[in-house]
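Residue-level structure breakdown
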Amino acid sequence: MELSEEIAYKFTRGIYTYDIDGEIWEQAFSFILNNSDSFDFKRDKIHLLWTENGGHIRRKLSDDMLLLKVLKLSLPKYDGDDLVLYRGECRFLHEQNKIGFCWTPKRSVAEMFASGLNAIESGGVLLKAYAPKEAVLSSPNKHSAEQMEEFEYTCNPNALTKIEVLQYFKKY
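Residues numbered from 1 in each chain as written. Predicted model: local features only at pLDDT ≥ 70, side-chain atom pairs only at ≥ 80, totals over all residues. Heavy atoms only, no water.

Let us now look at the pairing of strand β1 (residues 83-90). Counting buried positions along β1 gives seven out of eight residues, so the element sits mostly inside the fold. Sheet topology note: the β1/strand β3 (residues 124-131) ladder contains eight bridges and is antiparallel. Bridge assignment links E89 to a residue of β3, and that residue is V125. (Buried < 20%, exposed > 50% of the residue type's maximum accessible area, 1.4 Å probe, protein only. Helix = DSSP H or I, 4+ residues; strand = E, 2+ residues; numbered from the N terminus. Pairing = 2+ DSSP bridges.)

Residues D79, D81, D82 and E134 make up a contiguous surface patch of negative charge. Relative to the helices and strands, D81 is located in the loop between α4 (64-74) and β1. Here D81 falls in the exposed class, since its relative accessible area comes to 61%. (Patch = residues over 30% accessible without salt bridge, like charges linked within 9 Å, V, L, I, M, F, W, Y side chains within 5 Å. Areas by Shrake-Rupley, 256 points an atom, 1.4 Å probe, with all protein chains shown as cover. Salt bridge = Lys/Arg side-chain N within 4 Å of Asp/Glu carboxyl O. Lys, Arg positive; Asp, Glu negative; His and termini not counted. Charge placed at Lys NZ, Arg CZ, Asp CG, Glu CD.)

So, on to the pairing of β3. Counting buried residues along β3, six of its eight residues qualify, which places the element largely inside the surrounding structure. The pairing of β3 with strand β6 (residues 161-169) spans six bridges and is antiparallel. Along β6, the bridge assignment pairs L127 with V165.

Packing of helix α2 (residues 22-34) against helix α3 (residues 43-61) leaves a shortest axis separation of 7 Å and a crossing angle of 100 degrees. In terms of orientation, α2 and α3 fall into the roughly perpendicular class. Counted together, G22, W25, E26 and F29 of α2 and I57, K60 and L61 of α3 form the full contact between these two elements. Here the contact of α2 with α3 is built from residues that sort into four nonpolar, one polar and two charged. (Axes fitted to C-alpha atoms, helices over the stretch in contact; angles between N-to-C directions. Parallel < 35°, antiparallel > 145°, perpendicular 65-115°, else oblique. Contact = heavy atoms within 4.5 Å. Nonpolar A, V, L, I, M, F, W, Y, C, P; charged D, E, K, R; others polar.)

Counted under the stated rule, the structure contains 11 aromatic pairs. Seen from their ring centres, Y16 and W25 are 5.7 Å apart, and the 20 degrees between their planes marks the pair as stacked. The same class applies to Y16 as to W25, namely buried. Between W50 and F101, the ring centres sit 6.0 Å apart and the planes meet at 90 degrees, which makes this aromatic pair edge-to-face. Within this pair, whereas W50 is found in helix α3, its partner F101 is found in the loop between α5 (91-95) and β2 (102-103), the two being separated by 51 residues in sequence. The same class applies to W50 as to F101, namely buried. The structure contains a cluster of three or more aromatic residues connected by ring pairs, namely F11, Y16, Y18, W25 and F29. Seen from the ring of Y130, K162 lies directly overhead, with NZ or CZ sitting 5.2 Å from the centre. (Phe/Tyr/Trp six-rings, centres within 6.5 Å; stacked < 30°, edge-to-face > 60°. Lys NZ or Arg CZ within 6 Å of the ring centre and 35° of its normal.)

As structure tokens, this is what we get:
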């Protein structure tokens, strides 16, 4: 079994492998898409993996469309209403129109990210968006809601509407 296939099988079981370069992630995610019928997706475990390591995976993979396809396939499905959500984004990603997947209904949580972690490289930006239910991939899991209190919804950023900038934050 090739390394990328091993990583694919681990991912579908909710097991994260840290020291893997982007090319292997790309091959692993392509393998998942091409062989999706042969996997038994452990959706709740994948959701926890995504909540804890999604930013790292996104940076390594550097292919939001491929990531989106795998998330649609592997996360627990959202079954709720349209939402108004917030995100604390890196300014440089916002300027490149590379808005992230993780959003919250709590403005204070988004402000924390916009002024802190996501402001380190280039400053941060607080965003507000309307999320039609079709744009929401998954609801917050127990870890996000109860332990982290971030209430993270995973969304298709391309399907969000009425995205507006509420505030800019200086580089941290």
